[in-house]
Amino acid sequence: MTAAATGDLDGLLSLLAPDVTWTADSGGKATAARRPVVGAEKVAAVLMSLFRLERLLDLRIERVNRNNAPALVLSGERLEGVLLIEIADGRITHFYAIRNPDKLLAVAVPRRISR
């Protein structure tokens, strides 16, 4: 996030696998990339746009673990999305951006697990 927000393209590219992929799911109900974005330079551009400093002023970002993977929960006045991050060999290989409000309900509502 720091590399993306500060415009450190070289630093950001060093974290990404050459064939990193950005996949977003909005269900047609939120803004998101319609097709997967593939390649370090293209994904870096997506990240730099998403995490630009002026946008971060109105966004709260929480680091969490979801589906046994590192993730970011992005929220403003409401839950904006969850960004799952897949890492292999020390580099980020895939981002899964969940923006579909129906799917985000599972994140927003606490659940009680019992047997």
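Nothing here was measured: the structure is a model prediction, and the numbers come from that model.

Criteria and thresholds
Residues numbered from 1 in each chain as written. Predicted model: local features only at pLDDT ≥ 70, side-chain atom pairs only at ≥ 80, totals over all residues. Heavy atoms only, no water. Helix = DSSP H or I, 4+ residues; strand = E, 2+ residues; numbered from the N terminus. Buried < 20%, exposed > 50% of the residue type's maximum accessible area, 1.4 Å probe, protein only. Contact = heavy atoms within 4.5 Å. Areas by Shrake-Rupley, 256 points an atom, 1.4 Å probe, with all protein chains shown as cover. Core = buried A, V, L, I, M, F, W, Y, C linked by side-chain atoms within 4.5 Å. Arc of directions from axis to C-beta. Salt bridge = Lys/Arg side-chain N within 4 Å of Asp/Glu carboxyl O. pLDDT = per-residue confidence, 0-100.

**Structural notes on the overall build of the chain**
Thought 1: Within the chain one finds 5 helices and 6 strands.
Thought 2: Its helices and strands taken in sequence order, the chain reads α-α-β-β-α-α-β-β-β-β-α from the N to the C terminus.
Thought 3: Counting all 115 residues of the chain, 37% fall into the buried class.
Thought 4: Contacts in the chain between residues at least 24 apart in sequence constitute 44% of all its contacts with a sequence separation of at least 6.
Thought 5: Of the roughly 7800 Å² of accessible surface on the chain, a fraction of 52% belongs to carbon and sulfur atoms.

**A word on the nonpolar core**
Thought 1: With 22 residues, the main nonpolar core has Leu16, Trp22, Val43, Leu47, Phe51, Leu83 and Phe95 as its most contacted residues.
Thought 2: Of the residues forming this core, the biggest block, 5 residues, is contributed by helix α3 (residues 40-50).
Thought 3: For Leu47, the residues in contact, after removing those within four places along its chain, are Ala4, Leu12, Leu16, Trp22 and Phe95.
Thought 4: Val73, Leu79, Val82 and Leu104 belong to the second largest nonpolar core, which has 7 residues in total.

**Describing α3**
Thought 1: All of the buried residues in α3 are Ala40, Val43, Ala44, Leu47 and Leu50. Take α3 and look down its axis: the buried residues cluster within an arc of 125 degrees, on one side only. Opposite the buried face of α3, at more than 90 degrees from it, the exposed residues are Glu41 and Lys42.

**Observations concerning the pattern of salt bridges**
Thought 1: Taken as a whole, this structure holds 1 salt bridge when the rule is applied.
Thought 2: Note that Glu80 and Arg99 form a salt bridge whose closest N and O atoms lie 3.5 Å from each other. Of the two residues, Glu80 sits in strand β5 (residues 79-88) while Arg99 sits in the loop between β6 (91-98) and α5 (101-108), which places them 19 residues apart along the sequence.

**Topic: the confidence of the model for the chain**
Thought 1: Looking at the chain as a whole, the pLDDT averages 85, with 86% of positions reaching at least 70.
Thought 2: Least confident of the elements in the chain is helix α4 (residues 53-56), whose mean pLDDT is 68; most confident is helix α2 (residues 9-15), at 95.

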